[in-house]
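Fold and geometry: a report
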Amino acid sequence: AQTVTQSQPEMSVQEAETVTLSCTYDTSESNYYLFWYKQPPSRQMILVIRQEAYKQQNATENRFSVNFQKAAKSFSLKISDSQLGDTAMYFCAFTIYGQNFVFGPGTRLSVLP
Amino acid sequence: SAVISQKPSRDICQRGTSLTIQCQVDSQVTMMFWYRQQPGQSLTLIATANQGSEATYESGFVIDKFPISRPNLTFSTLTVSNMSPEDSSIYLCSVEGTSRSSTDTQYFGPGTRLTVL
């Protein structure tokens, strides 16, 4: 069975600084998809970034980028120039085509003024 | 991505009653998903709902407790039956993306916060 681990239950960062959230996963598959979702206190789950495992290039969305290390089964999220609005729970997720999503336990990020 | 709405956004219910949560999507989608998020926890998939067929439930969830309807390609309901305080959670519906580049991506509704007294 696929598993997703986020080893940092809580993190904090000063506004305008950079923070990296860790995620590791376990699978024997070679083709899969990885995601980071953000859930602010409003509880809406928002897609932050998506990575296809067959693509070597790391995905980037504005201030958000990932470091995808397929051999190490690692998928970390880097947030640059942190903003107060980045305060949220961040969930790493994994799926194989046609199968259900597997979510990690989440990391609570606080951006401090 | 699809625009997804849920009703109600929150509710407080008495033990033993039932609540039906609605999920509406602004485009036709094949699969809709229902998740439960208990306080401080991650998401757990309850069931997958395809239009025109019975929902597929995950281990630990049964149709008698969480009946689901999927009458068309833009709408689904989840009922939480005979509620107990342990059912207090956020319930989220989601759909898969419909564009070629997003079919393996799930997009979520705003969630329904349920409190059972």
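Preceding this paragraph is the structure being described.
Residues numbered from 1 in each chain as written. Chains lettered and ligands numbered in written order. Predicted model: local features only at pLDDT ≥ 70, side-chain atom pairs only at ≥ 80, totals over all residues. Heavy atoms only, no water.

A separate point is the interface of chain B and chain A. Taken together, the 25 residues of chain B in the interface contact 19 residues of chain A. Both sides of the chain B and chain A interface together cover about 1,700 Å² of buried area, and 47% of this is carbon and sulfur. A per-residue breakdown of the area chain B buries against chain A is headed by Ser 42, Asp 104 and Phe 108 of chain B, which together make up 34% of the total. Scanning the region where chain B abuts chain A turns up zero salt bridges. At the junction of chain B with chain A, the criterion picks out eight residue pairs in polar contact (both at pLDDT 80 or more). (Contact = heavy atoms within 4.5 Å. Buried area = accessible area lost by both parts, 1.4 Å probe. Salt bridge = Lys/Arg side-chain N within 4 Å of Asp/Glu carboxyl O. Polar contact = N/O pair within 3.5 Å; in protein donor to acceptor, adjacent residues only side chain to side chain.)

Take the pattern of salt bridges next. Going through the model one piece at a time under the given rule, you end up with five salt bridges over all chains. A salt bridge links Glu 52 of chain A to Lys 55 of chain A; its shortest N-O distance comes to 3.9 Å.

Right, let's get into the environment of Leu 45 of chain B. With respect to the helices and strands, the residue Leu 45 of chain B is situated in strand S5 (residues 44–50). Given the relative accessible area of 9%, Leu 45 of chain B is considered buried. Once residues within four sequence positions are removed from consideration, Leu 45 of chain B is found in contact with Asn 100 of chain A together with Phe 33, Trp 34, Tyr 35, Glu 58 and Phe 61 of chain B. (Helix = DSSP H or I, 4+ residues; strand = E, 2+ residues; numbered from the N terminus. Buried < 20%, exposed > 50% of the residue type's maximum accessible area, 1.4 Å probe, protein only.)

The subject of this paragraph is the side chain of Ser 94 of chain B. All names here are of chain B. Residue placement: Ser 94 occurs in strand S9 (residues 89–96). At a separation of 2.8 Å, a polar atom in the side chain of Ser 94 contacts the side chain of Gln 106. If we skip the residues at most four places from it in the chain, Ser 94 touches Met 31, Met 32, Phe 33, Tyr 35, Gln 106, Tyr 107 and Phe 108.

Moving on, we get to the sheet that holds strand S1 (residues 4–7) of chain B. Residue and element names in this part refer to chain B. Strand order in the open sheet formed by four strands is S1-S3-S8-S7, with antiparallel pairing between adjacent strands. Two strands in the sheet have a free side with no partner beyond their single neighbour: S1 and strand S7 (68–72). Mean inter-strand twist for the sheet, computed between neighbouring axes without regard to direction, equals 15 degrees. As judged from the six bridges shared by strand S3 (residues 19–25) and strand S8 (residues 75–80), these two strands associate in the antiparallel manner. Looking across to S8, one finds that Gln 24 is bridged to Phe 75. (Pairing = 2+ DSSP bridges. Axes fitted to C-alpha atoms, helices over the stretch in contact; angles between N-to-C directions.)

What follows is about the pairing of strand S11 (residues 112–116) of chain B. Residues and elements named next belong to chain B. Only one face of S11 is buried, namely the one carrying Thr 112, Leu 114 and Val 116, since none of Arg 113 and Thr 115 on the opposite face is buried. As paired elements, strand S2 (residues 10–13) and S11 share four bridges and run parallel to each other. Residue pairing in the sheet places Asp 11 in a bridge with Leu 114 of S11. Direction of pairing for S9 relative to S11: antiparallel, over a ladder of three bridges. Looking across to S11, one finds that Tyr 91 is bridged to Thr 112.

What follows deals with the environment of Tyr 57 of chain B. All names here are of chain B. For Tyr 57, the location among the structural elements is in strand S6 (residues 56–57). Between the alpha carbons of Tyr 57 and Ala 47 there is a distance of 4.2 Å; along the sequence they are ten residues apart. Setting aside anything within four residues of it in sequence, one finds Tyr 57 in contact with Ile 46, Ala 47, Val 62, Ile 63, Phe 66, Pro 67 and Ile 68. A polar side-chain atom of Tyr 57 sits 2.6 Å from the main-chain carbonyl oxygen of Phe 66. Within the structure, Tyr 57 has its side chain in polar contact with the backbone nitrogen of Ile 68 (distance 3.3 Å).

Residues and elements named next belong to chain B. Counted residue by residue, strand S4 (residues 31–37) has six buried out of seven residues, so it is predominantly covered. The pairing of S4 with S5 spans six bridges and is antiparallel. Counterpart to Met 32 in the pairing with S5 is Ala 49. What sits between the antiparallel neighbours S4 and S5 is a turn of six residues, in which Gly 40 has the positive phi angle 70 degrees. Pairing of S4 with S9 involves six bridges; the strand directions are antiparallel. Bridging across to S9, Phe 33 finds its partner in Ser 94.

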